[in-house]
Amino acid sequence: MGEAAILGGGAIGMLLGAKLALSGCAVQLWTRTEEQARLIREKGVRLASLEEDGEISVPMRAFSFAEAPAPFSGILLVCLKQTAITDELLRELDRKLAKDAGLVLFQNGIGHAERFAAALEGRRIAAAVTTEAALRTGESSVRHTGRGETWLGLWPGAAAGADSSAGGANGGAGGQASPAGEDLPRRAAEMLKKAGFSVHLSNSIRDRMFKKLLINAVINPLTALWRIRNGDLPGSPERLAVMEALHRETFGILRLHGFEADWRELWEELLRVCEKTACNRSSMLQDVLGGRATEIDALNGAVCRLAREAGAGAPWNEAVTALVKAIPTP
Ligand code: KPL
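All residue numbers refer to position in the chain's written sequence, counted from 1. Only residues with pLDDT of at least 70 get local features here, since the model is predicted, and only at 80 or more are side-chain atom pairs given and counted; chain-wide, interface and lining totals rely on the full set of residues.

Caption draft 1: Seen up close, the overall build of the protein chain. The helix and strand labels rest on DSSP assignments: H or I over at least four residues marks a helix, E over at least two residues marks a strand, and numbering proceeds from the N terminus. Along the protein chain, the regular secondary structure elements total 11 helices and 13 strands. All radius of gyration figures rest on C-alpha atoms, and the globule criterion is 2.2 Å times the number of residues raised to 0.38. Computed over C-alpha atoms, the radius of gyration of the protein chain comes to 19 Å, within 12% of the 20 Å expected from 2.2 N^0.38 for 330 residues, which places it in the range of a compact globule. Referenced to the eigenvectors of the C-alpha coordinate spread, the extents of the protein chain come out at roughly 50 × 45 × 40 Å. Put plainly, a residue is buried at 20 or more neighbouring C-beta atoms within 10 Å of its own, exposed at 12 or fewer, and partly exposed in between, counting only other residues' C-beta atoms, which are placed from the backbone. Among the 330 residues that make up the protein chain, the fraction classed as buried is 48%. It is the C-beta atoms, placed from the backbone, that decide contacts: two residues are in contact if theirs lie within 7 Å. Put simply, of all contacts in the protein chain between residues at least 6 apart along the chain, 70% involve residues at least 24 apart.

This is how it looks when you write it as structure tokens:
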């Protein structure tokens, strides 16, 4: 599987596509609309990178999802929002992907990997957690706004284990044979590293996803409800108290599902993320301001489901889920 395709022409999709194309990877971009695909075919993806001033135009093969060539048997990087993952999309993917295709899922939140695995029987699946920051500045343009880290791990992963940045996890590195398909994270990691991203392989990708969930389940709903930037979140004792209550409850629920971590360390990390992304509007705030559906069901809604499965309560998560769902659409 030498070829890569990106599903989703949002900020992360265009960023990955442009940087992969620049590194010489044979990559195609699958967009939701034919209009975006045509624009990109004609003008390329315009990338404002962190390395150079101004924008460069990166030529790219682009297709609307409906027109994407099939069967596809390379690595598909799925960069859609959780809200775009419908049963109809999964059925269409099942028709388009050859049995030896591999998928790498880049979504925030949880619940999606199980859905892809159930709908796309036999295909190799890896989950990715990334802190790369990008802003879609137009239909065919993207700005890379912050360098981040990306973790990749086979789904469903093995029992909890250590992460590695060298290529040992999930990948049969060091010349060891790996069962068919287990090299997907390693191959995807090599491709992304060649494109300039900092990538780690993870033997416990579910824990990485939980860690990111713990950040998104606090920052995203609260910034969306209060309509403030990430840096303003811990800016008053009242807001800090709500953040802490939501964080403690979420942490406790994830622990009931085998998540092992130190609460204080993760609380401090949450405050660091608010500081590092101080000027950002969270993705949920952007969705609310743009009148789009939010990812609340895959974040706090999913935490409520995990609580119910464990026979526990989740009053803070229930409350923010209900409040975000009740935000009037403009
Ligand atoms: O991932 C994010 C998001 O907005 O979805 C954070 C880390 C909160 C940065 O804005």
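That shown, we press on.
Caption draft 2: Spatial organisation of the site of the ligand. By convention here, the C-beta atom is placed from the backbone, and a residue is near a molecule or strand when that atom is within 6 Å of it. The environment of the ligand is made up of N108, I215, N216, I219, N220, N230, V273, T277, N280, S282 and S283. Top element by residues in the shell around the ligand is helix α6 (residues 205-226). It accounts for four residues. Classes in brief: Ala, Val, Leu, Ile, Met, Phe, Trp, Tyr, Cys and Pro nonpolar; Asp, Glu, Lys and Arg charged; the others, Gly included, polar. By residue class, the composition of the shell around the ligand is three nonpolar, eight polar and no charged.

Caption draft 3: Quick look at the nonpolar core. Within the largest apolar cluster, 97 residues are counted, with the highest numbers of intra-cluster contacts made by L76, L77, V78, V104, L105 and A126. The biggest single contributor to this core is α6, with 11 residues. For L77, the contacting residues outside a window of four places in its chain are A4, I6, L16, V104 and F106. Take the buried Ala, Val, Leu, Ile, Met, Phe, Trp, Tyr and Cys residues, join any whose C-beta atoms are within 7 Å, and the set you get is a nonpolar core.

Caption draft 4: Representation of the sheet that holds strand β10 (residues 141-146) within the structure. Within the open sheet, the four strands sit side by side as β4-β3-β10-β9. Their pairing is mixed. The open sheet has two edge strands with one neighbour each: β4 (56-58) and β9 (133-138). Across the sheet, the mean angle separating the axes of adjacent strands is 30° when strand polarity is ignored. Two strands pair under a simple rule: DSSP has to find at least two bridges between them. Both strand β3 (residues 45-48) and β4 contribute to a ladder of three bridges, which runs antiparallel. Pairing of L47 across the sheet is with I56, part of β4. Every axis in this analysis is a line fitted to C-alpha atoms, fitted for helices over the stretch in contact. Angles between the N-to-C directions lie between 0 and 180 degrees. Across the sheet, helix α1 (residues 11-22) is in contact with β3, β4, β9 and β10; its angle to β9 comes to roughly 100°.

Caption draft 5: Fine view of the confidence of the model for the protein chain. Every residue is assigned a pLDDT by the predictor, reflecting its confidence on a scale from 0 to 100. Averaged over the protein chain, the pLDDT score is 93; the fraction of residues at 70 or greater is 92%. This stretch, residues 166-180, has a pLDDT under 50; its non-local contacts, to residues over four places away or in other chains, come to 33 contacts.

Caption draft 6: Spatial organisation of the pairing of β3. Two elements, β3 and β10, share three bridges in a ladder whose sense is parallel. Its bridge partner lying in β10, L47 is registered against V142.

Caption draft 7: A look at the pairing of strand β7 (residues 102-105). Neither face of β7 is left uncovered, since the one carrying G102 and V104 and the one carrying L103 and L105 both have all their residues buried. Alignment of strand β6 (residues 75-78) against β7, held across four bridges, turns out to be parallel. Of the residues in β7, the one forming a bridge with I75 is G102. Between β6 and its parallel partner β7, the chain crosses via helix α3 (residues 87-96), and the hand of that crossover is right-handed. In the sheet, β7 pairs with strand β8 (residues 124-130) via four bridges, with the strands oriented parallel. The handedness of a crossover follows from its direction of travel: if, with the strands pointing away from the viewer, the path from the first strand over the helix to the second runs clockwise, the crossover is right-handed.

Caption draft 8: Region of the structure containing the packing of helix α7 (residues 237-256) against helix α11 (residues 315-325). In contact at an axis separation of 8 Å, α7 and α11 are set at 115° when each is read in the N-to-C sense. Along its contact with α7, which presents A245, L246, E249 and T250, the element α11 presents W316, N317 and V320.

Caption draft 9: Representation of the packing of helix α10 (residues 300-309) against α11 in the model. One way to put it is that α10 packs onto α11 with a least axis distance of 8 Å and a crossing angle of 145°. The handedness of the crossing between α10 and α11 comes out as left-handed. Only N317, E318, V320 and T321 of α11 make contact with α10, whose side of the interface consists of N300, G301, V303, C304 and A307. Residues that form the contact of α10 with α11 fall into these classes: four nonpolar, four polar and one charged. Left-handed describes a crossing in which the near helix is turned anticlockwise from the far one by less than a right angle; the clockwise case is right-handed.

Caption draft 10: How the structure looks around α11. Of all the residues in α11, the buried ones are W316, N317, V320, T321 and V324. Along the long axis of α11, the arc covered by the buried residues comes to 130°, so they all point the same way. Of the surrounding elements, those touching the buried residues of α11 are α6, α7 and α10. Read the arc as the range of directions from the helix axis to the C-beta atoms.

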